[in-house]
Amino acid sequence: MKHCLYFLLALFIVSCKTSTDKPAKTYTPIRGLITQKAMVVSAREEASKIGVEIMKKGGNAFDAMVATEMALAVSYPYAGNLGGGGFMIYRKADGETGALDYREKAPLAATKNMYLDEQGDPIPEKSQYGALAAGVPGTIAGIFAVHKKFGTLPIQDILTPVAELANKGFVITEKQEKRFEHYKEYFFKVNEDTIPILKGYTAGDTLKNPKLAQTLYRIIKNGRDEFYEGETGQKLVGFIQQKGGIITLEDLKKYNVKWRDPVRFTYKDLSVISMSPPSSGGICLAQIMGMIEPYNLSAYDHNQLEAIQILVEAERRAYSDRSFYLGDPDFVEIPVDSLLSNAYLTKRMEAFSFDKATPSSEINRGNISGYESNETTHYSIIDQFGNAISVTTTLNGAYGSKLYIPELGFFLNNEMDDFSAKPGTPNMFGLTGAEANAIAPEKRMLSSMTPTIIEKDDKLWMSVGTPGGSTIITSVLQTILNVKEFGMTMQDAVNAPRFHHQWLPDEIYFEPNLFDKELFSALEAKGYSINVKKSKITSKVDGILVLPDGTLEGGADKRGDDTAIGF
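Here the structure is a predicted model, which is why all the values come from computation and not from measurement. (Residues numbered from 1 in each chain as written. Predicted model: local features only at pLDDT ≥ 70, side-chain atom pairs only at ≥ 80, totals over all residues. Heavy atoms only, no water.)

Draft legend 1. Spotlight on the pattern of salt bridges. Enumeration according to the criterion identifies 35 salt bridges in this entry. With its nearest N and O atoms 3.0 Å apart, the salt bridge here joins R348 to D321. Here R348, found in helix α16 (residues 342-348), pairs with D321, found in helix α14 (residues 305-325); they are 27 residues apart in sequence, far enough to count as distant. For D321, a relative accessible area of 2% puts it in the buried group. Residues participating in the shared-partner salt-bridge network are D101, K258, R260, D330 and R444. (Salt bridge = Lys/Arg side-chain N within 4 Å of Asp/Glu carboxyl O. Helix = DSSP H or I, 4+ residues; strand = E, 2+ residues; numbered from the N terminus. Buried < 20%, exposed > 50% of the residue type's maximum accessible area, 1.4 Å probe, protein only.)

Draft legend 2. Spotlight on the UniProt feature "binding site: L-glutamate" (unreviewed entry) in the protein chain. The UniProt record annotates "binding site: L-glutamate" (unreviewed entry) at R103, T394, L395, N396, D418, S447, S448 and G469. Relative to the helices and strands, D418 resides in the loop between β13 (410-411) and β14 (452-456). Look at D418 and you get buried, because its relative accessible area is 11%. Locating S447 in the fold gives a position in the loop between β13 and β14. Residue classification places S447 among the buried positions, given a relative accessible area of 2%. (UniProt positions renumbered as here; feature names shortened; annotations may be inferred.)

Draft legend 3. Quick peek at the packing of helix α6 (residues 155-168) against helix α9 (residues 210-222). At their nearest, the axes of α6 and α9 sit 8 Å apart, and the two run at 170 degrees to each other. The angle between the axes of α6 and α9 places the two elements in the roughly antiparallel class. Judged by residue contacts, I155, Q156, L159, T160, V162, A163, E164, A166 and N167 of α6 engage P210, A213, L216, Y217 and I220 from α9. Here the contact of α6 with α9 is built from residues that sort into 10 nonpolar, 3 polar and 1 charged. (Axes fitted to C-alpha atoms, helices over the stretch in contact; angles between N-to-C directions. Parallel < 35°, antiparallel > 145°, perpendicular 65-115°, else oblique. Contact = heavy atoms within 4.5 Å. Nonpolar A, V, L, I, M, F, W, Y, C, P; charged D, E, K, R; others polar.)

Draft legend 4. Geometry of the UniProt feature "active site" (unreviewed entry) in the protein chain. The UniProt record marks T376 with the feature "active site" (unreviewed entry), using the residue numbering of this structure. Tracing the backbone through its elements, the reader meets T376 in strand β10 (residues 375-382). Each residue touching T376, except ones within four places of it in the same chain, is listed here: A79, T392, T393, T394, N396, M449, T466, P467, G468 and I472. Side-chain polar atoms of T376 contact the backbone nitrogen of G468, separated by 3.4 Å. (Polar contact = N/O pair within 3.5 Å; in protein donor to acceptor, adjacent residues only side chain to side chain.)

Draft legend 5. Here's a closer look at the environment of Y255. Structurally, Y255 can be placed in the loop between α12 (249-254) and β7 (258-260). Put simply, Y255 and Y102 are 153 residues apart on the chain and 9.3 Å apart in space, counted from C-alpha to C-alpha. Excluding its chain neighbours within four sequence positions, the residues that come into contact with Y255 are D101, Y102, R103, E104, K105, V136, P137, G138, A141, R224, Y228 and R444. Separated by 2.7 Å, the side chain of Y255 and the backbone oxygen of R103 make a polar contact.

Written out as structure tokens, the structure reads:
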């Protein structure tokens, strides 16, 4: 009965109440798309459709991953990419799990202080815009690694529909038109010539990209090496160096993906499988969920005072640890077992009180005995065979470095900004880092990407993830809890209003116009600082929930053009 009541709680609350106020109004739950066998949920209908068509032809979730990833590069240049990288979590039908790291790497010529001025202070523009901001791309290596290990269909069958999409074009949405206009100034600043996006496209127009189609056809013909050694790679390097970048052909040839063990932990009756370093997502998610597990979260109202306090205090502690301990595990030793131990997490929450906030100035990294040393896109896929993947891929900032390669038809990332240009100085997402995430040649930069798969009773239960920079971790967290603790549908869980705290700056960010001022007053009375004017919450969560009868429910975030398609 209790879960039924939570299932009916307001999800689009314009007026949130404190625990002592009258009950909030209830709404009829909204179910996402329900399908019987397979589903793709991604940022664009075109990408979801292509992924589903691959599975209808007999392909598995991994074949669909390759197609969906590249279709997003065509139809969602804001974050979909050939010039970036990402992470994948998978769970095969037999229960085998794993993680793929195809994150970008620092070029061989990169140096620790390459973005500092003569006074030793960071020059943000150098790590955020143009060719010098780019890390060595990993996306093409990633999709070919997935196909080699798990794929069943020929690469030509998988990628030809994507190249055809680039040739025939995709329809611009209203949201895309607004993004094109919003970033117009940056496009002009970084690119000497007018790029295709700036040719006055409006909603309803069709944007064709024949140069990208040509690039894709070369990759279909010549495989992975086309991008890292062939004509495409040579054109890429030539353009980067012409624009003042430092990536070389040797950088491309030396690039390698990493198959890693995911972070795996339990939360009540759930088994959570999430991304390991150099993503901070899995460890931070595990820390937060470990710190809140002793509290009966479902006893409090959703998005209300006590529930927000519990989550915020756990979040600020996890992000504090993130800033000091986490980086590329191939370069620094990370005390994972200590960070995730029950004893450590219990101690971290000892100072928490419902009576008042714990200022971030009083929260430093936790003391560990024997320490050894926001623009992305996400998609979830479950196939008809029982395989599941969760993938988050990125250029880092919106349209990455804003640098467009006309001959190849895609944008280049600005992932170098995810390093700590100067320890203790925030990056473009406001995240502060330490020596563990300092720049070094061939090092992978720390990320917040949190692709996640969850089991319940040893069976597949959910695939979920989101873009959103520093808010990725907390958005994934709240979506999982919305279903687990508050009985929401998958669609309602991704649509629900969100909040975020990341240790520094010491503020709770709330989605604007979705929370009541009385709630803010109650939080401020306890010492919390509220920010709704400069909301960092840009996450667009996409997830798939396996319902008790075995059918699939898609949750495609209403904040974007995200679409669930299946059969």
